[in-house]
Amino acid sequence: MADEIISTENTGVIVVDVQADFTELKSGALAVPGTDADYIDEVQKTTRQFQSQGLRIYFTLDWHPEDHISFYTNNPGTELFQEIELEKGRTQVMWPPHCVQNTPGAELLIGVKGPAETVQTGANPKFDSYSGFIDDGGTHTGLDRLLKRDGIKKLIIYGLATDYCVKHTALDAAELGYQVELLVGLCRGITPETTDAAIEEMKKKGVTIIRD
Ligand code: VGL
Ligand code: ZN
């Protein structure tokens, strides 16, 4: 698979949030279905292959403080997975506490031998950030700047979760003018319905969906 996709040196790879709390393998707080050892092995293998072909690797990490707004435990009276309106036009799903900074749940499960960049998201307690590029308050994470510094024009994206961080990262990438390919086989979603809808939306907005 990796062989036919890659040809240029201006291609980057974004591996989205492959962290302990999102996996069944580590009995994570917000484990995404289908994230067993085989899944992690495949992400690991493909990512290393891309790197050995000369592509630059960018990892995003969900990286929340303990008092993050997206945790239902920080919003008294709310229930798990409820969607609340924080302010006019800004909704927030109530997630279980996950990916708390510097805890085992936030651990990145993919390692590469060569250089890679890591971009943290959701570190502001007041704003969530499904996108690896821009948080819900409009603040840039620095990912776009790194990609521009490296001369990246095309992005290969995969990881967790298809219906949240992968979707928003891919949509923002397309909107920012990158050519985007989504490797669906290396993505897992939280629910089938939102995952299907996310893939449709990405396709509609110019993301090339690659199924292997
Ligand atoms: C994510 C829910 C909450 C994700 C992050 O990485 O898709 N989903 N925080
Ligand atoms: Zn999160």
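Residues numbered from 1 in each chain as written. Chains lettered and ligands numbered in written order. Predicted model: local features only at pLDDT ≥ 70, side-chain atom pairs only at ≥ 80, totals over all residues. Heavy atoms only, no water.

J.: Explain the coordination of the zinc ion (ligand 2) residue by residue, including any values.
T.: Distances from the zinc ion (ligand 2) to its protein donors, namely Asp62 (OD), His64 (NE2) and His98 (NE2), fall within the range 2.0 to 2.2 Å. Every donor counted, the four donor atoms about the zinc ion (ligand 2) form angles of 88 to 169° at the centre, which fits irregular coordination. Each donor residue of the zinc ion (ligand 2) lies on one chain, and together they are spaced D-x1-H-x33-H. In this structure Asp62 comes out as buried when scored by relative accessible area, which is 3%. What makes His64 buried here is its relative accessible area of 0%. (Donors = N, O, S within 2.8 Å, 3.2 Å for Na, K, Ca; no water. Tetrahedral: all angles 85-135°; square planar, octahedral: opposite > 155°, others 65-115°. Buried < 20%, exposed > 50% of the residue type's maximum accessible area, 1.4 Å probe, protein only.)

J.: Could you give an account of the layout of surface pockets, with specific residues and numbers?
T.: Size it by volume and the largest pocket reaches roughly 280 Å³. Taken together, 18 residues make up the lining of the largest pocket; nearest its centre are Tyr130, Asp163, Tyr164, Lys167 and His168. Among the elements that line the lining of the largest pocket, the one with the most residues is helix H4 (residues 162–175), at five residues. Among the residues forming the lining of the largest pocket, the class breakdown is six nonpolar, five polar and seven charged. If you add up the space inside the second largest pocket, you get close to 150 Å³. Gln51, Gly54, Leu55, Arg56, Ile57, Tyr58, Pro115, Ala116, Glu117, Arg149 and Asp150 together form the lining of the second largest pocket. Of the residues forming the lining of the second largest pocket, the biggest block, three residues, is contributed by strand S2 (residues 56–62). (1 Å grid on protein atoms, 1.4 Å probe; cavity = no way out; pocket = protein on both sides within 12 Å on 5 of 7 lines; lining within 4 Å. Points joined across faces, edges and corners; volume = space filled by probe spheres on them. Helix = DSSP H or I, 4+ residues; strand = E, 2+ residues; numbered from the N terminus. Nonpolar A, V, L, I, M, F, W, Y, C, P; charged D, E, K, R; others polar.)

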